[in-house]
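What follows is the residue order along each chain.
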Amino acid sequence: MDMALKVKVGGMEDVELSEPVSPTGQYFNSSVLCVSVIGVLEFDNPIDDSSSIALINDVFLPINTRFSSIMVEDKDGEKHWKRVEVKGEDHIVVPRFPEGLSPESYDQYFNDYLSKIAMDSLPQTRPLWEIHIVKYPTSNASGSLVFKLHHALGDGFSLMGALLSCLQRADNPSLPLTFPSFQKAPKPDNEIKSLISIVPHAFSSALNTVLDFGWSILKSSFLEDSRTPIRSGEEGVEFRPINIMTMTFSLDKIKQIKSILQTINDVVTGMIFLGTRLYMEATSEEARNARSTALVLLNTRSIGGYKSVDEMVQNQEAQIQWGNKFGFLHVSIPELHQYERSLDPLKFVHEARDIIKRKRNSSAVYLTGKLLEFVRRYRGPEATAEYIHSTLKNSSMTVSNMIGPLEKMTLANQPVKGLYFMVVNIPQSLTVTMMSYMDQLRVAVGTEKDLIDPVKFKNCTEQAFSMMFNVAVKSK
């Protein structure tokens, strides 16, 4: 899998390079974009880090050669991954906070530290990842392990799959972790579409493709969202300090709401959109229905689930699936009408669901990918990165979600209480990520400091969930 070649880099002697950097990897590590993913593992008990170096060398590094490579440029300007010797201790950071404080006091120290990690750049002279071992108790955990991984290494699916493959089931380490199914249930024969129904569906899909692709180009190039309580619209927002806060929701309650919608994604995306509008209204009545667009990220792989560490190392198909394989939908956040708040908030959620469903019924994501490839081929990766930067900057927020395991996990026999992730260094004031674990959904919210009040946003999101749940229960 590791196909090496010899090239001359600058004035240096010939050096050995491994695989070329993917186009998306180049976009995310450019002069315009330098995006990373932060993953947090929370532990039930104080962390024992005595085996950390062994875990890095024996489990983490073998997952993919990119974890032991740096990005270099050859004489033709093409970027490649170059294998280097990795010293695990260079990638481990153990922060020091004041001793003897309460968990609630350490919450602020931990949040400030996450903000610092998000702002700090990963050194380009060594592999693009770090592990931070936080041994102080917070309200959520007795200790936390924070991974910072550059987005050039892979997308959230690849990186989270790598982290999960280092973990074991708490009840039986010999058994693999299991995940909710990715696969849609097959439709019964009596629901197979007839030729008569296929024709209008194809026409609708073609029309949606034209409209959505044109709208995507406009949003990425010229049409900015309004400046609102969730979007400052300032240049360099990706370099500003952020707050990262989380909230937890019961998957059992989400499934009760799902029973009157269609999918869990409909519920959680609708909840985030409704909570966002409630926050905008609570902050500025005039801005509550201002033009606001969310980028909803989609995993574009055709797979059945995460791969184990053995499959990642030995299976060629699993290696091919590694990397950045995602697309995004421009979704206009529905307006908030008073009757929806007082009578039926699910009308708002249905509207959001219908918008996303219509956009999925098009090939705009595919065409956008082709457009990016066209720009890269004829104008170079830096110009493509500028286009992606503009796409992010002109919208108000990004929403992404991943599924986690159904069973409780351990790392080196240490029980994992919770986990979440956050995408950082993107030119937006608001980022929302979601991840399931056991019977809960963890929602993480990254907000621009001094613009968005994280406590108020959390309250509005929880209010949105309560409104939706109460209506769902009453409708039964």
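What counts, and at which threshold
- Residues numbered from 1 in each chain as written.
- Predicted model: local features only at pLDDT ≥ 70, side-chain atom pairs only at ≥ 80, totals over all residues.
- Heavy atoms only, no water.
- Pairing = 2+ DSSP bridges.
- Helix = DSSP H or I, 4+ residues; strand = E, 2+ residues; numbered from the N terminus.
- Contact = heavy atoms within 4.5 Å.
- Axes fitted to C-alpha atoms, helices over the stretch in contact; angles between N-to-C directions.
- 1 Å grid on protein atoms, 1.4 Å probe; cavity = no way out; pocket = protein on both sides within 12 Å on 5 of 7 lines; lining within 4 Å.
- Points joined across faces, edges and corners; volume = space filled by probe spheres on them.
- Nonpolar A, V, L, I, M, F, W, Y, C, P; charged D, E, K, R; others polar.
- Expected span 1.5 Å × (residues − 1).
- Buried < 20%, exposed > 50% of the residue type's maximum accessible area, 1.4 Å probe, protein only.
- Arc of directions from axis to C-beta.

Asker: Help me understand the sheet that holds strand β6 (residues 92-93) in this model?
Answerer: With mixed pairing, seven strands are arranged side by side in an open sheet as β6-β7-β8-β3-β15-β14-β9. If you trace the sheet from one side to the other, it starts and ends with β6 and β9 (168-169), each paired once. Where strand β7 (residues 129-134) lies against strand β8 (residues 143-150), six bridges are found, and the strand directions are antiparallel. Across the sheet, W129 pairs through a bridge with L149, a residue of β8. Lying over the sheet, helix α2 (residues 52-60) contacts β6, β7, β8 and β14 (409-411), oriented at roughly 145° with respect to β7.

Asker: Even after reading the chapter, I still don't get empty space enclosed by the protein, so can you show me in this structure?
Answerer: Gaps left between atoms show up when a probe the size of a water molecule is rolled over them. Tallied over the full model, the rule gives six cavities of 30 Å³ or more. The space that makes up the largest cavity amounts to roughly 260 Å³. Forming the walls of the largest cavity are 21 residues, and the residues nearest its centre are S52, L55, L145, F147 and L411. For the lining of the largest cavity, the secondary-structure elements that each account for two or more residues are β3 (36-43), α2, β7 and β8. For the lining of the largest cavity, the leading source of residues is α2, giving five residues. For the lining of the largest cavity, the residue count by class is 16 nonpolar, three polar and two charged. Together, 17 residues line the second largest cavity, and I242, V424, N425, I426 and Q428 are the ones closest to its centre. Listed by contribution, the elements that provide at least two residues to the lining of the second largest cavity are α3 (103-119), β15 (414-424), β16 (430-437) and β17 (440-448). Of all the elements, β17 adds the most residues to the lining of the second largest cavity, at three residues.

Asker: Can you help me understand helix α12 (residues 364-379) in this one?
Answerer: One full turn of an α-helix is made of 3.6 residues, so residues set three or four places apart face in the same direction. Here α12 spans 22 Å end to end across 16 residues, near enough to the 22 Å set by a 1.5 Å rise per residue. Of all the positions in α12, only A364, T368, L371, L372 and V375 are classed as buried. Down the axis of α12, the sector holding all buried residues measures 100°, keeping them to one side. Exposed positions of α12 whose direction lies more than 90 degrees from the buried face are Y366, F374 and R377. Just downstream of α12 lies G380, where phi reads positive at about 100°.

Asker: Mind showing me how you'd approach helix α11 (residues 345-360) here?
Answerer: Counted at 1.5 Å a residue, the expected span for α11 with its 16 residues is 22 Å, and the 23 Å between its end C-alpha atoms agrees. When α11 is considered as a whole, its buried residues turn out to be P345, L346, F348, V349, A352, R353, I355, I356 and K359.

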